[in-house]
Amino acid sequence: MAAPHHDTTPGTREDWWRDAAIYQVYPRSFADGDGDGTGDLAGVRAKLPYLAELGVDAVWFTPWYLSPLADGGYDVADYRTIDPAFGTLDEAEKLIAEARALGIRTIVDIVPNHVSDQHPWFRAALAAGPGSPERKLFHFRPGRGDHGELPPNDWPSQFAGPTWTRVEDGEWYLHLFTPQQPDLNWAHPVVREEHESVLRFWFERGVAGVRIDSAALPAKDPALPDFVEGRDPHPYVDRDELHEIYRSWRRVADAYGAVFVGEVWLPDSERFARYLRPDELHTAFNFTFLTCPWDPDRLRGAIDDTLAEHAPVGAPATWVLCNHDVTRTVTRYGRAETGFDFATKAFGTPTDLELGTRRARAAALLTLALPGSVYLYQGEELGLPEADIPRDRIQDPMHFRSGGTDPGRDGCRVPLPWNADAPYAGFGSGTEPWLPQPDGWSAYAADRQAADPASMLTLYRTALRLRRSEPGLGDGPLEWLPAPDGVLALRRAPGLVCVVNLARTPAALPDHETVLLTSGPLDTDGRLPTDTAAWLRG
Ligand code: GLC
């Protein structure tokens, strides 16, 4: 596969997505332009120069549509309207065009599995009653038990708690997430038509790509049978019907030269790769890498597995360290257990932030050296840690549905610090943000970091600039070089090497002409300290 190059005609390559650096904006927490405590599109527009200077190729917006925000916007009431808390459709169109003029493409988020319970379809379904055509767009069923008092099946929820809710007339409806997110019936042609129309609506407005939420969940076994461990096919995960749906979406996207990235959480790599066949999705998030502990063998294994699973379908890999659903990278890497913490996430889990930051810096250089596209979650470039949210301020439904045992995902969604000396670290103009910022947040402010050559922001800016200008980074081959135990050394092109030291002792650098960049200082003997990475030429 030829390694395409960024800097020939910035922002115009058709295959830009094969090695793009994509920045994830969680609009509620990015920047507050109107000063009401909630981030908005005016805030994003004001920060476009910041994103351009950071050096990203695209921005992915988590849902910005009309929504009661029962699940942070993943409960969409109308795809063709921007939520008034964020702005207007006119502003979104301006934002898309302004970003594009700076060489930044826009990716929007589509949530096919469910809509909000305030979506007109669901309200009409409730009003129309049992047996109505309106109810056929969802999964309404009578209950089990003598009086229909038991849910129609035993499916476990994606969040804790029940997956069925009973309505006044006695029927139940399915929701894999919260009751405010009723699941759509993807066997219904109107559901398919509507989503293709929504795709066109956004492509017409200049959107270059779509992130597909919970992409392996929308199709259901029409009989809605009880869940039986190990039975194939699964009644609602990764069903074959999905591929036809995405092939049809691909035809829509191809007409606009637009691309997809699927949120596909699947343990089976062969099944995962099926979504990336040439006539389906262009890319999918790589959660194998995100969930990998800070361990040399496991990381190398995750990288090899990822490349091997993508190779047969010719799709580029994606590399993700963080997003709005997981504990922030520096906190994760700073925990005694270096493992992924969907399992260990708990209130007050002790963290060594200095250690976590050192590792996150090294991980940034590793990630940006890998072949494929890379996702960067807002605040990752500032090295933000996970915040402890006081219990009475938590908003994430995941917390409430766990009975209060899981802190939920708010800790990675705290409003960003922009200006160290402004109230609320410059997030807005003086109203307290919707989620509280922890003490010391302004130490992470972008303005302070921009002036500091040793900051995380400077590291990301420098690395992203080099990633654009260095032949061999981005898409293309990767070769492992011999290295001491605990050290990862990979070559991307003749003369371009990334070394990461995960051993307990400093490591000698392989022969090289120039050190292009390191994640931390070399020791006095010129060796690479523990938890440090370097990019070398020669
Ligand atoms: C995805 C989103 C997550 C949301 C869920 C339900 O996993 O990333 O934030 O809660 O889908 O839409």
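What counts, and at which threshold
- Residues numbered from 1 in each chain as written.
- Predicted model: local features only at pLDDT ≥ 70, side-chain atom pairs only at ≥ 80, totals over all residues.
- Heavy atoms only, no water.
- Pairing = 2+ DSSP bridges.
- Helix = DSSP H or I, 4+ residues; strand = E, 2+ residues; numbered from the N terminus.
- Contact = heavy atoms within 4.5 Å.
- Axes fitted to C-alpha atoms, helices over the stretch in contact; angles between N-to-C directions.
- Phe/Tyr/Trp six-rings, centres within 6.5 Å; stacked < 30°, edge-to-face > 60°.
- Buried < 20%, exposed > 50% of the residue type's maximum accessible area, 1.4 Å probe, protein only.
- Lys NZ or Arg CZ within 6 Å of the ring centre and 35° of its normal.
- Near = heavy atom within 4 Å.
- Polar contact = N/O pair within 3.5 Å; in protein donor to acceptor, adjacent residues only side chain to side chain.
- Areas by Shrake-Rupley, 256 points an atom, 1.4 Å probe, with all protein chains shown as cover.
- Parallel < 35°, antiparallel > 145°, perpendicular 65-115°, else oblique.
- Nonpolar A, V, L, I, M, F, W, Y, C, P; charged D, E, K, R; others polar.

The next subject is the sheet that holds strand β5 (residues 105-110). One open sheet accounts for eight strands, arranged β11-β10-β9-β5-β2-β1-β13-β12; its pairing is parallel. In this open sheet, the two strands that pair with only one neighbour each are β11 (283-284) and β12 (318-320). Relative to strand β2 (residues 58-61), strand β1 (residues 21-25) runs parallel, the two being bridged by four bridges. Its bridge partner lying in β2, Ile22 is registered against Ala58. Along the sheet, helix α6 (residues 189-204) makes contact with β5, β9 (209-212) and β10 (259-262), crossing β5 at roughly 160°.

Our focus in this paragraph is the packing of aromatic side chains. Ring pairs (aromatic) are described by centroid distance and by the angle formed between their planes. Following the criterion strictly, the structure yields 28 aromatic pairs and no others. Measuring from centroid to centroid gives 4.8 Å for Tyr50 and Trp418, while their planes differ by 85°, and the two rings are edge-to-face. Linking Tyr50 in helix α3 (residues 48-54) with Trp418 in the loop between α13 (397-401) and α14 (446-450), this pair joins segments that are 368 residues apart in sequence. Both residues of the pair, Tyr50 and Trp418, count as buried. Relative to Tyr333, the ring of Trp294 lies with its centre 5.1 Å away and its plane at 50°, an arrangement referred to as tilted. Taken together, the positions of Trp294 in the loop between α9 (287-290) and α10 (296-310) and Tyr333 in helix α11 (residues 329-333) put the pair 39 residues apart, joining distant regions of the chain. Through successive ring pairs, a cluster of aromatic residues spans Phe61, Trp64, Tyr65, Tyr79, Phe201 and Trp202. Taking the ring centre of Trp434 as reference, the NZ or CZ of Arg28 above it sits at 3.7 Å. Above the ring of Phe201, the side-chain terminus of Arg80 is found at 5.9 Å from the ring centroid.

To continue, consider the site of the ligand. Close to the ligand lie 14 residues; Asp71, Asp213, Glu263, His324 and Asp325 are nearest. In this structure, Glu263 approaches the ligand through a side-chain N or O atom, which is 2.9 Å from an oxygen atom. Relative to its unbound accessible area of 310 Å², the ligand is 95% covered by the protein chains.

Glancing now at the pairing of strand β16 (residues 496-501). Among the six residues of β16, six are classified as buried, and the element is accordingly described as predominantly covered. Burial along β16 is two-sided: Leu496, Cys498 and Val500 and Val497, Val499 and Asn501, pointing in opposite directions, are all buried. In terms of strand pairing, strand β15 (residues 487-493) meets β16 through six bridges, oriented antiparallel. Across the sheet, the residue bridging to Ala493 is Leu496, located in β16. Taking the residues between adjacent antiparallel strands as the criterion, β15 and β16 are bridged by two residues, where Gly495 takes a positive phi near 85°. Note that β16 and strand β18 (residues 532-537) share six bridges and pair antiparallel. Directly across from Leu496, in β18, lies its bridge partner Arg537.

A separate point is the packing of helix α12 (residues 353-368) against helix α15 (residues 456-469). Relative to each other, α12 and α15 sit at 10°, their axes nearing to 10 Å. On the basis of the axis angle, α12 is roughly parallel to α15. Here Thr357, Ala360, Arg361, Ala364, Leu365 and Leu368 of α12 lie close against α15, whose contacting residues are Met456, Leu459, Tyr460, Ala463, Leu464 and Arg467. Considered class by class, the residues forming the contact of α12 with α15 number nine nonpolar, one polar and two charged.

Here Asn501 is to be found in strand β16. At a separation of 3.4 Å, a polar atom in the side chain of Asn501 contacts the main-chain carbonyl oxygen of Pro529. Not counting chain neighbours up to four residues away, the residues in contact with Asn501 comprise Gly486, Val487, Pro506, Ala507, Leu528, Pro529, Thr530, Asp531 and Thr532.

To continue, consider the sheet that holds strand β6 (residues 140-141). An order of β6-β8-β7 is seen for the three strands of this open sheet, with the pairing classed as antiparallel. Lying at the two open borders of the sheet, with one neighbouring strand each, are β6 and β7 (164-166). By the bridge criterion, two bridges tie β6 to strand β8 (residues 172-174) in an arrangement that is antiparallel. Within the sheet, the bridge partner assigned to Arg141 lies in β8 and is Trp172.

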